[in-house]
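Residue-level structural notes
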Amino acid sequence: LEALAGIKDAVPYLPESAASRIASLVQALNHDNWRVRRALINTLPSLAAKCGRETFESQLLEMFVHSFQDRICQVRMSAIAVLAQLCDLPANQEGDGSADPLFNSDWLLQKITKRLSELYLSLTYFVYRITIVQAFEILAASSVLSPSHMKVIITFLSEATKDDVANVRLAA
C-alpha cells in the first residue's frame, strides 16, 4: 500500500510511456481491497497532469466516475478530493504562469457533471447520492466553471433538495 501511495509522487518524473502504463494499470482497477482502490484513485491527478486530458478521458474517466459509487466511504471521499484537485490542475505543467486549466469548464460540464447527474438518477442507495451532491458542491466552489455552467450546478443541487431521503436533502 505504501508503494501504491508513492506512485502519485513518482508519476511527474516518469517518461510518458511509463505514465501511460500506470494509467492502464489504474484503468484495470477492480481490486477487492478498498485501500488499494483509494491509493490508485489518489494517483489520478498526477496521471492527468502527466498524460493529459485525452489520455485521462480515454483510460481513466470511467473508473473515476465509478469510484463515486464505491461501497467504501473512504474511496468515495477520495474521489471527491481528487475531483477538487482535477479542477485546479493547470494545463501547462511547466509553471510559466499560464492560468488555463487542464480540465476546462466545458469539459467538466460534459464529461463529469453530466455523467454524475445521470448516475445520481440511477442510484438507489442514498449514501451514493450524497457523495454526488458533495461532488457538485466541490464543482460549485471551483473557479474553473463559467457562470452559465454554474447555473447547471445550482439547478442540480436545488433538485437534490427534493430527494426522497432527508439526508440527501440536507447534504444539498
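These remarks concern the structure in this document. What you see as residue numbers is a count from 1 along each chain, following the sequence as written. Predicted model: local features are reported for residues with pLDDT of at least 70 only, side-chain atom pairs are reported and counted for 80 or more only, and whole-chain, interface and lining totals are derived from all residues. Derived side-chain values reflect all non-hydrogen atoms in the structure, with water molecules and hydrogen atoms excluded from consideration.

**Looking at the side chain of Thr131**
Tracing the backbone shows Thr131 in helix H8 (residues 126–141). Polar contacts here mean pairs of N or O atoms no more than 3.5 Å apart (in protein, one a potential hydrogen donor and the other a potential acceptor; neighbouring residues in sequence count only if both atoms are side-chain atoms). Within the local environment of Thr131, its side chain forms a polar contact with the side chain of Arg76, the two groups lying 3.1 Å apart. Note on definitions: a residue-residue contact is assigned when non-hydrogen atoms from the two residues lie within 4.5 Å. Beyond its immediate sequence surroundings of up to four residues, Thr131 is in contact with Phe68, Arg76, Met77 and Ile80. Starting at the N terminus, helices and strands are each numbered in turn, a helix being any DSSP run of H or I of at least four residues and a strand any DSSP run of E of at least two.

**Concerning H8**
Helix span, as expected, comes to 1.5 Å for every residue beyond the first. Across its 16 residues, H8 extends 23 Å between first and last C-alpha, which sits within 8% of the 22 Å expected from 1.5 Å per residue. Relative accessibility thresholds used throughout: buried, under 20% of the residue-type maximum; exposed, over 50%; partly exposed, between the two (1.4 Å probe, protein chains only). Buried residues of H8: Tyr128, Arg129, Ile130, Thr131, Ile132, Val133, Ala135, Phe136 and Leu139, and no others. Where H8 is buried, its residues meet helix H6 (73–88), helix H7 (105–122), helix H9 (147–160) and helix H10 (166–171).

**A look at the nonpolar core**
Definition used in this section: a nonpolar core is a set of buried Ala, Val, Leu, Ile, Met, Phe, Trp, Tyr and Cys residues joined via side-chain atoms within 4.5 Å. Counting 44 residues, the largest nonpolar core has Phe56, Phe64, Phe103, Leu108, Ile112 and Leu116 as its most contacted members. Of all the secondary structure elements, the ones that give two or more residues to this core are helix H3 (34–41), helix H4 (44–51), helix H5 (53–66), H6, H7, H8 and H9.

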